[in-house]
Amino acid sequence: MTSPEPSAASSDSKLDALIARINGLGGGAGESRGPAAPSAAAAPPPPPAAATAPPPGRPAPSQPAPSQPASSQPTSPAARVRPARPAAAPTGRPVAKPQAPSTATPQGAAGPKTATAPAVTVPPGTPLPWGFEPTRDEPWRPVEPTSLEENNISDALLEQIVLRFLLNFGEAEGRRVADQVKLPFRLIEPILTRLKMEQLVAYRSATATGDYVYVLTESGRAAARTHAQDCTYYGACPVRLPEYIQSVRLQTIEGQRPQREDLLRAFKDLLINPHMLDRLGPAINSGRGMFLFGFPGNGKTSIAERVTAAFGKTIWIPRAVDVDGDIMRVYDPMNHELDMPETGAGLLDQGGFDKRWVRIRRPTLVAGGELTMDMLEVQGNPESGISEAPLQLKSNCGTLLIDDFGRQKMSVDQLLNRWIVPLEKRYDYLNMSSGKKIQVPFDQLVIFSTNLEPKDLVDDAFLRRIPYKIEVTNPPEADFRRLFEIMCKVLKIPYAAEPIDYLIKTHYLPVERPFRNCQPRDLLLQVRNYCLYHGKPVELKNEYFDFAVDNYFSVM
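Parameters at a glance
- Residues numbered from 1 in each chain as written.
- Predicted model: local features only at pLDDT ≥ 70, side-chain atom pairs only at ≥ 80, totals over all residues.
- Heavy atoms only, no water.
- Helix = DSSP H or I, 4+ residues; strand = E, 2+ residues; numbered from the N terminus.
- Buried < 20%, exposed > 50% of the residue type's maximum accessible area, 1.4 Å probe, protein only.
- Contact = heavy atoms within 4.5 Å.
- Axes fitted to C-alpha atoms, helices over the stretch in contact; angles between N-to-C directions.
- Parallel < 35°, antiparallel > 145°, perpendicular 65-115°, else oblique.
- Left-handed = near helix turned anticlockwise from the far one by under 90°.
- Nonpolar A, V, L, I, M, F, W, Y, C, P; charged D, E, K, R; others polar.
- Salt bridge = Lys/Arg side-chain N within 4 Å of Asp/Glu carboxyl O.
- Pairing = 2+ DSSP bridges.
- Expected span 1.5 Å × (residues − 1).
- Core = buried A, V, L, I, M, F, W, Y, C linked by side-chain atoms within 4.5 Å.
- Polar contact = N/O pair within 3.5 Å; in protein donor to acceptor, adjacent residues only side chain to side chain.

## Observations concerning the overall build of the chain
Regarding its fold elements, the chain presents 19 helices and 17 strands. Evaluated residue by residue, the chain yields a buried proportion of 46% over its 556 residues. For the chain, long-range pairs separated by at least 24 residues make up 70% of all intrachain contacts whose partners lie at least 6 apart in sequence.

## Remarks on the packing of helix α16 (residues 477-491) against helix α17 (residues 497-507)
Angle between the axes and distance between the axes: these two values describe a pair of packed helices. Across the interface, α16 lies against α17 with an axial gap of 11 Å and an inter-helix angle of 135 degrees. Our classification of the angle between α16 and α17 gives oblique. Regarding α16 and α17, the two cross each other, and that crossing is right-handed. Listed contacts from α17 to Glu 477, Phe 480, Arg 481 and Phe 484 of α16 are Ile 500, Asp 501, Leu 503 and Ile 504. When its residues are assigned to classes, the contact of α16 with α17 shows five nonpolar, no polar and three charged.

## Comments concerning helix α5 (residues 174-181)
Burial analysis of α5 places six of its eight residues in the buried class, which makes it a mostly covered element. Contacts from the buried residues of α5 go to α4 (155-169), β1 (171-173), α6 (185-197) and β3 (212-216). In the stretch just after α5, Lys 182 is the one whose phi turns positive, near 60 degrees.

## So, the pattern of salt bridges
Under the criterion given, the structure shown has 31 salt bridges. Between Asp 269 and Arg 306 there is a salt bridge whose closest N-O contact spans 3.0 Å. Taken together, the residues span a long stretch of sequence, with Asp 269 in the loop between α9 (260-266) and α10 (274-286) and Arg 306 in helix α11 (residues 300-306) at a distance of 37 residues. When the shortest N-O distance is used, the salt bridge between Glu 485 and Arg 482 registers 3.3 Å. With Glu 485 and Arg 482 both in helix α16 and three residues apart, the pair spans about one turn of that helix. Overall, the relative accessible area of 37% leaves Arg 482 in the partly exposed class. Several salt bridges converge on common partners, so that one network encompasses Glu 138, Arg 141, Asp 339, Arg 359 and Arg 361.

## Remarks on the sheet that holds strand β13 (residues 398-402)
On the basis of which strands lie adjacent, the open sheet formed by five strands has the order β10-β13-β16-β5-β17 and parallel pairing. Strand pairing shows two members of the sheet lacking a second neighbour, β10 (364-367) and β17 (468-471), which therefore form its edges. Strand-to-strand twist across the sheet, computed as the mean angle between neighbouring axes with direction ignored, equals 20 degrees. Along the sheet, helix α13 (residues 412-425) makes contact with β13 and β16 (444-450), crossing β16 at roughly 145 degrees.

## Quick look at α6
Every α-helix carries 3.6 residues per turn, so stepping three or four residues along brings you back to the same face. Its 13 residues place the ends of α6 18 Å apart at the C-alpha level, agreeing with the 18 Å of an ideal helix rising 1.5 Å per residue. Among all positions of α6, only Phe 185, Leu 187, Ile 188, Glu 189, Ile 191, Leu 192 and Leu 195 are buried. Contacts from the buried residues of α6 go to α4, α5, β2 (201-206) and β3.

## Regarding the nonpolar core
Residues Leu 158, Leu 166, Leu 183, Ile 188 and Tyr 233 are the most contacted members of the largest nonpolar core, which totals 32 residues. Of all the elements in the fold, those that place two or more residues in this core are α4, α5, α6 and β3. The dominant element in this core, judged by the number of residues it contributes, is α4, at seven residues.

## Focus on the pairing of strand β14 (residues 427-431)
Burial along β14 is one-sided: the residues Asp 428 and Leu 430 are buried and none of Tyr 427, Tyr 429 and Asn 431 is. As defined by bridge partners, β14 adjoins strand β15 (residues 437-441) across five bridges and the pair is classed as antiparallel. Across the sheet, Asp 428 pairs through a bridge with Val 440, a residue of β15. In this antiparallel pair of consecutive strands, β14 and β15, the connection spans five residues, and Gly 435 shows a positive phi of 100 degrees.

## Section: the pairing of strand β7 (residues 320-323)
Taking every second residue as pointing to the same face, both faces of β7 are buried, with Ala 320 and Asp 322 on one and Val 321 and Val 323 on the other. In this sheet, β7 lies alongside strand β4 (residues 239-240) in parallel orientation, the contact comprising two bridges. If you follow Arg 240 over to β7, its bridge partner there is Asp 322. Relative to strand β8 (residues 326-329), β7 runs antiparallel, the two sharing four bridges. Across the sheet, the residue bridging to Ala 320 is Arg 329, located in β8. What sits between the antiparallel neighbours β7 and β8 is a turn of two residues, in which Asp 324 has the positive phi angle 50 degrees.

## As for the environment of Gly 398
Along the chain, Gly 398 turns up in strand β13. By relative accessible area, which is 0% here, Gly 398 ends up buried. Sequence spacing of Gly 398 and Thr 314 is 84 residues, and the spatial spacing of their C-alpha atoms is 9.7 Å. Once residues lying within four places of it in the same chain are set aside, the contact partners of Gly 398 are Ile 253, Pro 363, Asp 443, Gln 444 and Leu 445.

## So, the sheet that holds β8
Neighbouring strands of a sheet are bound in pairs by backbone hydrogen bonds; such pairs are parallel or else antiparallel. The strand order β4-β7-β8-β12-β11 describes an open sheet built from five strands, whose pairing is mixed. A single partner strand is all that each edge strand has here, and the edge strands are β4 and β11 (379-380).

## Remarks on unusual backbone geometry
A positive phi angle, close to 70 degrees, is found at Arg 426, a residue other than glycine. Along the chain, Arg 426 falls in the loop between α13 and β14. A residue is classified by how much of its surface remains accessible, and Arg 426, at 14% relative accessible area, is buried. Residue Lys 492 is not a glycine yet carries a positive backbone phi of 60 degrees. Within the element layout of this structure, Lys 492 appears in the loop between α16 and α17. Given the relative accessible area of 71%, Lys 492 is considered exposed.

## Topic: the side chain of Ser 286
Among the secondary structure elements, Ser 286 is positioned in helix α10. Taking relative accessible area as the criterion, Ser 286 reaches 14% and is therefore assigned buried. Once you skip the residues sitting within four places of it in the chain, Ser 286 turns out to touch Glu 254, Arg 257 and Tyr 468.

## Regarding the side chain of Thr 314
Position of Thr 314 relative to the elements: it lies in strand β6 (residues 314-318). Residue Thr 314 is classed as buried on the basis of its relative accessible area, which comes to 4%. A distance of 2.8 Å separates a polar side-chain atom of Thr 314 from the backbone oxygen of Asp 137. Each residue touching Thr 314, except ones within four places of it in the same chain, is listed here: Asp 137, Glu 138, Pro 139, Asp 339, Arg 359, Ile 360, Arg 361 and Arg 362.

This is how it looks when you write it as structure tokens:
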């Protein structure tokens, strides 16, 4: 038998590449139109030599990039050598990665490191997206689901969410439904097909991409209204509670171990005494709780709010968690700063991570005098059937600051009794609205900031569970003068040393007035506002400081 002509071989290669590209753009839409071939991600890849050796007389096909998804359609031998993204596995199970040429570092191997985000080691068997290398700034990333069964996604719960979504929006394309629940379209299409067969949804029209516009039938509306009586949630498909607990372990602050350079970067906009920095360092490095106490105005809150910056930059949290049918929202736009990785758009979005999760900056949650016991428990809404995660759960893998400790509406004993076990055991118990009690991680650096003496607030049993008690003292005179120089630059006021000397020798030393870190900023603001009101150039003068001191210290 003679070999095929080169022109015919070239045509076959181009045809194979075109078919593969159409399948990739379709997002798996064609999976239900023919017998599905075994997924390339579920089986070990062929040896490189066999994959790259072309048949006699046929030119070697070009290898696509490793990040291109595998098609589920039967293809020619030239198309089957396409490397695929590895399939997601249940937590704790290893994922086989294809042996394709790639610049990504294999899991467990030493890869290129940078000064700001060195590579880190994750536990063996942890599933990771193909091409993702864990770093200190992002120690873990959720893998995009490949099947509902392997990823423990409930068909019944997903069906309820889809029906409630169509009930509220009237009609939607299949890919719009998939985007709403944050799952790949190839996983949602069988659900929609089954709902169509059960006559709960119907086709309104077809789209140019081979999709359909879905609407509810009369029986579908009745089923959706029944589901809405129990719960009105129709957002992203919730993540199972064990998956969330595992994600906290992989992103814990206890494994960060920030060093002096990290603290200097976190406090770069503050003037902190080196002795104070040496005391703060071990406390932050431990990832445990600490007390910051001292006179008001010395920067306790400012220090506590910047502590999180000493840890890695980002973590992943689920939008919502499924607790045996109860839905609890974790992502809070009011307290979490979104920092999502860049992805494609529309049909060209190849995914790479589980979109039921969001990447945020390591959280810093602050609760002051408004803190109540209700904020520390799951807050269930009986009308919507949706629960809200408590404050400490939203601050996992970050920092929780209890500011003005001792001035809350609830008594100190109530708060101490509520947290005395979580602070030591690093886990907490929560009661869901259905009555179910769950155990969740208590993984954050808890900082208590107070102007009162800790020993006057709490007993020895609680103080033992807060290993670091750090007093934020008054600044020395040299630091006090330095603060005036810094704040003059910030407020754009020309600095002059003589008026500062006059201020200290006239209004501080004779009356033994203590220095506070906040006073340079506050006095300079008084001087600036005085000059702007009188239409004078903003500058430092002795008489301007006399006016500022009379206002500022009139009742102090």
